[in-house]
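These are the residues of each chain, in order.
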Amino acid sequence: MSTPMTVQQHILEEQRRLRPAASGEFSWLLSGITLATKLIAAQVRRAGLADIAGAAGGAANIQGEVVQKLDVIANQALLNCLGNRGNVAVMASEEDDEPVVSQRDWEHGKYVVVFDPLDGSSNIDVNVSVGTIFSILRRAPEPDRFRTPLEDVLQPGFKQLAAGYVVYGSSTMFVYTAGNGVNGFTLDPSIGAYLISHPNIRMPASGSIYSCNEANADTFPGGYRKYLAYLRSGESGRKYSSRYIGSLVADFHRTLLKGGIFLYPPTASHPSGKLRLMYEANPIAFLAEQAGGKATDGTMRILDKTPHSLHERTALMVGSGAEMEALARFVSPA
Ligand code: AHG
Ligand code: MN
Ligand code: MN
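None of these values were measured; they are calculated from a predicted model. (Residues numbered from 1 in each chain as written. Chains lettered and ligands numbered in written order. Predicted model: local features only at pLDDT ≥ 70, side-chain atom pairs only at ≥ 80, totals over all residues. Heavy atoms only, no water.)

Caption draft 1: Up close: the coordination of the manganese ion (ligand 2). Binding of the manganese ion (ligand 2) to the protein goes through Asp116 (OD), Asp119 (OD) and Glu280 (OE), at separations of 1.9 to 2.2 Å. Positions of the donor residues of the manganese ion (ligand 2) along the chain correspond to the pattern D-x2-D-x160-E. Between the manganese ion (ligand 2) and the manganese ion (ligand 3), the interatomic distance is 3.8 Å, and aspartate 116 donates to each metal, bridging them. A residue pair is termed long-range when its members are at least 10 positions apart, and aspartate 116 in strand β3 (residues 111–119) and glutamate 280 in helix α7 (residues 277–290) qualify at 164 residues. The exposure classification of aspartate 116 matches that of glutamate 280, with both residues buried. (Donors = N, O, S within 2.8 Å, 3.2 Å for Na, K, Ca; no water. Helix = DSSP H or I, 4+ residues; strand = E, 2+ residues; numbered from the N terminus. Buried < 20%, exposed > 50% of the residue type's maximum accessible area, 1.4 Å probe, protein only.)

Caption draft 2: Structural detail: the sheet that holds strand β6 (residues 172–177). Taken in spatial order, the 8 strands of this open sheet run β2-β1-β3-β4-β5-β6-β7-β8, and their pairing is mixed. Sheet topology places β2 (100–101) and β8 (193–198) at the edges, where each strand pairs with a single neighbour. As defined by bridge partners, strand β5 (residues 162–168) adjoins β6 across 6 bridges and the pair is classed as antiparallel. Within β6, the position partnered with valine 167 by the bridge is methionine 173. Together, β6, β7 (182–188) and β8 form the strand contacts of helix α1 (residues 7–18), whose direction differs from that of β7 by roughly 155 degrees. (Pairing = 2+ DSSP bridges. Contact = heavy atoms within 4.5 Å. Axes fitted to C-alpha atoms, helices over the stretch in contact; angles between N-to-C directions.)

Caption draft 3: Structural detail: the domain arrangement of the protein. On domain assignment, one finds that the protein holds domain 1 (7–198) and domain 2 (209–331). The straight-line distance from the C-alpha centre of domain 1 to that of domain 2 is 24 Å. On the side of domain 2, 29 residues touch domain 1, which itself brings 47 residues to the contact. Between domain 1 and domain 2 the total buried area reaches about 2,600 Å² when both faces are included, carbon and sulfur atoms providing 69% of it. Contact with domain 2 buries area across many residues of domain 1, yet Ile133, Leu154 and Tyr165 alone supply 21% of it, more than any other trio. Between domain 1 and domain 2 we count 13 residue pairs in polar contact (both at pLDDT 80 or more) in total. Those elements giving two or more residues to the side of domain 1 that touches domain 2 turn out to be β1 (88–93), β3, β4 (130–138), α4 (149–153), β5 and β6. Counting residues per element, the side of domain 1 that touches domain 2 draws most heavily on β4, at 7 residues. For the side of domain 1 that touches domain 2, a count of residues per class yields 25 nonpolar, 16 polar and 6 charged. (Domains from an automatic or database assignment. Buried area = accessible area lost by both parts, 1.4 Å probe. Polar contact = N/O pair within 3.5 Å; in protein donor to acceptor, adjacent residues only side chain to side chain. Nonpolar A, V, L, I, M, F, W, Y, C, P; charged D, E, K, R; others polar.)

See the structure below:
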C-alpha cells in the first residue's frame, strides 16, 4: 500500500522545493492551524449531541456544564493552538474586538494570523456545512517594530503569505494556498490526518451556477440586478442554476470546484457589503486568484484594497473568468 501524502508532508516538500532556505517555522505554524481545525471538526460533528449549539452566555446543558457556543469554542481552539506554536506575534479574529497579542511570541514572532473561526455559524442549528477561514501575513520587520498590533494586521490582501479554509461538510476538507496554486486535503477521520485529495485545484473558466442571497436582490445596485437578469435570460448561451447555502466557505468551495460566480453586493441593510475584508474576502480572493479565478468588490480587485479597520466589511464577487468578465460589463469600475 502506498503511503498517502499528508498536508504536513505536502507543505514541508513545497517549502523545500520553493524556499530551500526556509526554517520550517512556517510549516510549524500551519500545523497549529490544522490541529485547531481537527479539534473544531470534532466539536462540529458532535454539535447536536453535546448541546453546544445553544446560545453562549452561561446556559447549562443536561450535565450541568456551562454550554458554550461553537463560535467561541472554535475561536479558543485557534487562539490556543496558534498562541503556543511559536512565531505568531498577533492573532486577530472575528470573535474578538481587538487583535490578540501572543504573550509568548510578541518580541520575536514573525507572523500575523487573521481568522473567522466559525463561518456560517447560523447553519449549525440545521446541520448544514460551516467552515473556518484563515489568512497569514508577515509581521513588519525589525526596524518597524514600533507598530501597534492593529497596524501589523491591517495589510492589503496582496501581502498575504498564505490563506485557506476548512469546510466541515459531508467530509472535512482543508483547502490552502501559499501563493503557488491551491491544494485540497480531506480529513481521514480514522487516522486523524488530512490527506491530499484535490492536488492543484483550478477553477473552471466558466460555470453554470450563480450564488447570492436573492431575497436582497431588490436592493442590489442596478448593475447587479441587470447582471442577474442577463444570467437568467439565457443570452450568455448558458442555462444557469442558483445555489445559496449561506456559509461563505461552502458557497465558495462549490464555486472553486464547479465554477460560476458567488455575489454578495451592497444591499440596503449593508451598503458597503456584508462580508469581512480581513478574514473572509481577502483569503477567499487569494485562493480564487491562485486557482485562476477573480475576486472584486465591484469597483476594484479585493486584494488591492487598503484596510482601515479589523472588522471592515466589503462587497464580494468571486468566481470564474467568464462570469466575472460578464459582470464587469454591468458593474463597471469606479
Ligand atoms: P459568520 O457566520 O462568520 O458570521 O458568517 C456569515 C456570513 C457568510 O458565511 C455568509 O456568506 C453570509 O454571512 C450569509 O449572509 P446572509 O444571511 O445575509 O445571506
Ligand atoms: Mn463568516
Ligand atoms: Mn464566524
